[in-house]
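Listed below, chain by chain, are the residues.
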Amino acid sequence: MKKASIIMDRDYTIGRVDPRLYGSFIEHLGRAVYGGIYEPDHPTADEDGFRRDVIDLVRRLRVPIVRYPGGNFVSGFNWEDSVGPRELRPKRLDLAWFTTETNEVGLHEFAHWAKKAGAEVMYAVNLGTRGADAARNVVEYCNHPGGSAWSDLRRKNGEENPFGIKLWCLGNEMDGPWQMGHKTAVEYGRAAAEAGRVMKWVDPSIELVACGSAAHDMPTYGEWEYQMLTECYDQVDYVSLHRYYGNPTGDTPGFLARAMDLDAFITEVIAICDAVGGKKHAKKHLNLSFDEWNVWYHSSQQDQEVWKREKWSRALPLLEDVYNLEDALLCGTILITFLKHADRVKVACLAQLVNVIAPIMTRTGGGAWAQTIYWPLLHASTYGRGTALRPVVKSPVYDCSDFDAVPFVDAAATADDDGNVTIFAVSRSTDEATELTGDLRAFGDLRVAEHIVLTHSDVKAVNTEENPDNVAPVTVTGDTLEGGKLTAVLPPQSWNVIRLTRA
Ligand code: AHR
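Cut-offs and rules
- Per-chain numbering applies: the sequence of each chain, read as written, is numbered from 1 onward.
- Since the coordinates come from a predicted model, pLDDT governs what is reported: local features require at least 70, and pairs of side-chain atoms require 80 or more to be given and counted, while whole-chain, interface and lining totals use all residues.
- Side-chain metrics in this entry use all non-hydrogen atoms of the structure; hydrogen atoms and water are not considered.
- Nearness is defined per residue: one heavy atom within 4 Å of the molecule or strand is enough.
- N or O atoms within 3.5 Å of each other form a polar contact, as long as, within protein, one can give a hydrogen and the other can take it, and as long as residues adjacent in sequence are counted only when both atoms are side-chain atoms.
- To measure how exposed things are, a 1.4 Å probe is used in the Shrake-Rupley method; for residues, cover is taken only from the protein chains shown.
- Helix and strand assignments follow DSSP, with helices taken as H or I runs no shorter than four residues and strands as E runs no shorter than two, numbered in order from the N terminus.
- Exposure is judged per residue with a 1.4 Å probe applied to protein chains only, and the accessible area is read against the type maximum: over 50% gives exposed, under 20% gives buried, and values in between give partly exposed.
- Strand pairing is assigned whenever DSSP identifies at least 2 bridges connecting the two strands.

This part covers the site of the ligand. With respect to spatial proximity, 13 residues lie near the ligand, and among them Glu27, Asn72, Glu173, Tyr244 and Glu292 are the closest. One nitrogen or oxygen atom from the main chain of Asn72 is found 2.9 Å from an oxygen atom belonging to the ligand. Here Gln352 contributes a side-chain N or O atom positioned 3.0 Å from an oxygen atom of the ligand. Contact with the protein chains covers 96% of the free accessible surface of the ligand, which is 280 Å².

The following block contains the structure:
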């Protein structure tokens, strides 16, 4: 058996965990909206056409915020198409995903859905084919009480009170050549500054997210952040980061090490934000919005075939990755990495939420079920609130294709406001269990309330509609906590949640 240890003290903390760390994302893409959250003919549909079975699964996740309506989609989107009487809304070609967008679900409908799901809306404006004028108008439409053209149109469209959307994305992945209206760093920085300025004049209480690079390995990465922030630092509050990982070669140890890349990415973007802030003698610090993250590669080939078969249909089955255990473990290490940076990463969105690279899958006309990656998000969102602790973790290490000295055990810990402590740990060992000992003397009386484990003998095991609990969490026994000394066993290839509560 391998051996690892964790030492924690209540005074060694990283920072408060912003609940928005457990956010997600719904884009008008594939079957996320149509056939995902919205299916008026479905047996579980509510009075607004939303699937109740999906809402139940989303509510269990306690997702506090959902980014909307894109993604690449937003860079060609006219928000005005999505409000007013449904029968008058235009059908548009969506050039991001080669689909026809019918606008049956729009701004009002999505805001109502989010309320039912217990989440706030994080709204993205189009800085691809549009700019400051459309951006300020949609803020006025959503957040101004009344007495102006756009706010009165909202009231006429049935919403007397403002939606009160607090967090806004200034475009999406604007450095990506695949993006409609993509820009150079300086062009984007200027556009974001000007849009941000007028949006905040309409509603000074809103917060704004500037687009960082579309990925850590973009050729423009780094320079992009520095140049665009030089233009818009004063207007924005967060910089976005996006990152997807894949394992097309089937290299499990290498794949499970990808959080090392994520950690470097976050550390570097913080450094760039602070470099620009320092250069500007700024008092404010920018925080990070990691508003797209996940595993994404399983469906890539299938998507090419879908487009070959049928372009421009509504609700094409796109990006329908079926996730296995190793994907869930990687997602666990990503959540652990966010907790390690809880002082600066304030928003994070698992991309996406339903059907499209998603923790929740549906069959149109059929069931809804949780994929493997549903569970780490559910556990972190449920138990990982309060204060992120700064544990010292010692673990044996391994070398792999891209990284040296990868710890077999990756862990983070939180303490809630009642003094209960939760340890989140992933064992990257594929063949052997690990004994984890913990020194928790500084916390006084705690007892092991529960040790939840997500594992499977087959790292490629998946959940399906027929077998939705193939990879599902179980509670294990045998952990001890005596005199502040914890002993627990982490099974090979496992996600672990060790809940320690006041005795
Ligand atoms: O989440 C899927 C797509 O990935 C988003 O539309 C885009 O922002 C990113 O490239």
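Cis geometry is adopted by the peptide bond preceding Gly71, which originates at Gly70 and carries an omega value of 15 degrees. By the element assignment, Gly71 lies in the loop between strand 4 (65-68) and strand 5 (92-94). A positive phi is found at Trp312, a non-glycine position, where the angle reads about 70 degrees. Take Trp312: it is sitting in the loop between helix 9 (300-309) and helix 10 (325-340).

Let us now look at the pairing of strand 26 (residues 494-502). Looking along a regular strand, one sees the side chains alternate between the two faces of the sheet. Of all 9 residues that make up strand 26, 8 are buried, and the element is covered over most of its length. Strand direction decides the pairing type here: strand 20 (residues 421-427) and strand 26, joined by 7 bridges, are antiparallel. Its bridge partner lying in strand 26, Val421 is registered against Leu500. Of the strand pairs in this sheet, strand 22 (residues 446-455) and strand 26 are connected by 9 bridges, and their pairing is antiparallel. The residue of strand 26 that forms the bridge with Leu446 is Arg502.

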